[in-house]
Amino acid sequence: MKCPILPLNDTIVVCIGGGDNQASNPPSVVQISCKTERPEDVETITTYFLVQHELSELALRLVNAHLEQSVPESLTFEGDLYIVDAKHTPWTFGKEVAFLWGDRRLEACEDKWTFWFKIKKVATCDGRTPPPKEL
């Protein structure tokens with residue numbers, strides 16, 4: 001199965017679970033947001049493009065793991081080019097909406113997820129961190 005790509009600075013609803021053993025893992029829907037503090041920054045957008053498949057897979061694996069056994073409310077992941085802070089909070093709106101897959105009703109997950117994406121500062125050849133660029 002292909003992993004959906006999480007868009008940067010947007011929110012999607014994803015159907016998860018329901019693999020081979022639907023009795024113990026019925027399909028459900030979850031809200032996932034991926035945000036950055038600098039949405040117009042070219043370096044941030046470029047870096048996200050380079051790692052979006054990796055981050056999307058990480059996010060979906062984490063959400064699925066949380067369905068099996070609760071994970072801490074906040075987690076931080078660090079890659080070579082980025083840091084991602086993940087947080088789950090109650091998804092009250094999800095309980096107010098009917099999600100259907102054909103004729104089948106899907107349950108909304110208890111929690112929604114937000115992933116905050118930050119790029120790492122790149123060191124220059126002399127080992128110093130360059131000053132921030134002026135906008």
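Residues numbered from 1 in each chain as written. Predicted model: local features only at pLDDT ≥ 70, side-chain atom pairs only at ≥ 80, totals over all residues. Heavy atoms only, no water.

Draft legend 1. View of the pairing of strand β4 (residues 82-90). Two strands pair when backbone bridges link them, and strand β3 (residues 74-78) and β4 are joined in this way by five bridges, in the antiparallel orientation. In the strand pairing of β4, Glu-78 is matched with Ile-83. Connecting the antiparallel pair β3 and β4 is a turn made up of three residues. In terms of strand pairing, β4 meets strand β7 (residues 111-119) through nine bridges, oriented antiparallel. What sits directly across from Tyr-82, in β7, is Ile-119. (Pairing = 2+ DSSP bridges. Helix = DSSP H or I, 4+ residues; strand = E, 2+ residues; numbered from the N terminus.)

Draft legend 2. Fine view of the nonpolar core. Ranked by size, the top nonpolar core spans 22 residues in total, and within it Val-30, Ile-32, Trp-113, Phe-115 and Phe-117 carry the most contacts. When residues of this core are traced back to their parent elements, those giving at least two are β1 (10-16), β2 (28-35), α1 (42-68), β4 and β7. Looking at this core, the element that brings in the most residues is α1, giving seven residues. Not counting chain neighbours up to four residues away, the residues in contact with Phe-117 comprise Leu-8, Cys-34, Lys-35, Thr-36, Thr-44, Thr-47, Tyr-48, Val-51, Leu-55, Tyr-82, Ile-83 and Val-84. In this structure, Val-29, Phe-99, Leu-106 and Ala-108 belong to the second largest nonpolar core, which totals five residues. (Core = buried A, V, L, I, M, F, W, Y, C linked by side-chain atoms within 4.5 Å. Buried < 20%, exposed > 50% of the residue type's maximum accessible area, 1.4 Å probe, protein only. Contact = heavy atoms within 4.5 Å.)

Draft legend 3. Spatial organisation of a nonpolar patch on the surface. Together, Phe-49, Leu-50 and Leu-81 make up an exposed nonpolar region whose accessible area comes to about 330 Å². Here Phe-49 lies in helix α1. (Patch = residues over 30% accessible without salt bridge, like charges linked within 9 Å, V, L, I, M, F, W, Y side chains within 5 Å. Areas by Shrake-Rupley, 256 points an atom, 1.4 Å probe, with all protein chains shown as cover. Salt bridge = Lys/Arg side-chain N within 4 Å of Asp/Glu carboxyl O.)

Draft legend 4. Examining the state of the cysteines more closely. For the coordinates displayed, the defined rule picks out zero disulfides. Cys-15 supplies the cysteine sulfur nearest to Cys-109, a cysteine that is in no disulfide, at a spacing of 9.2 Å. Judged by relative accessible area, which is 7%, Cys-109 ranks as buried. (Disulfide = S-S within 2.5 Å.)

Draft legend 5. Summary view of the pattern of salt bridges. Tallying each qualifying case throughout the model produces six salt bridges. The closest approach of N and O atoms between Arg-38 and Asp-41, which form a salt bridge, is 3.2 Å. Residue Asp-41 is classed as buried on the basis of its relative accessible area, which comes to 13%. For Glu-78, the salt bridge goes to Lys-120, with nearest N and O atoms at 2.8 Å. With Glu-78 in strand β3 and Lys-120 in the segment after β7, this residue pair connects regions lying 42 residues apart in the sequence. Taking relative accessible area as the criterion, Glu-78 reaches 59% and is therefore assigned exposed.

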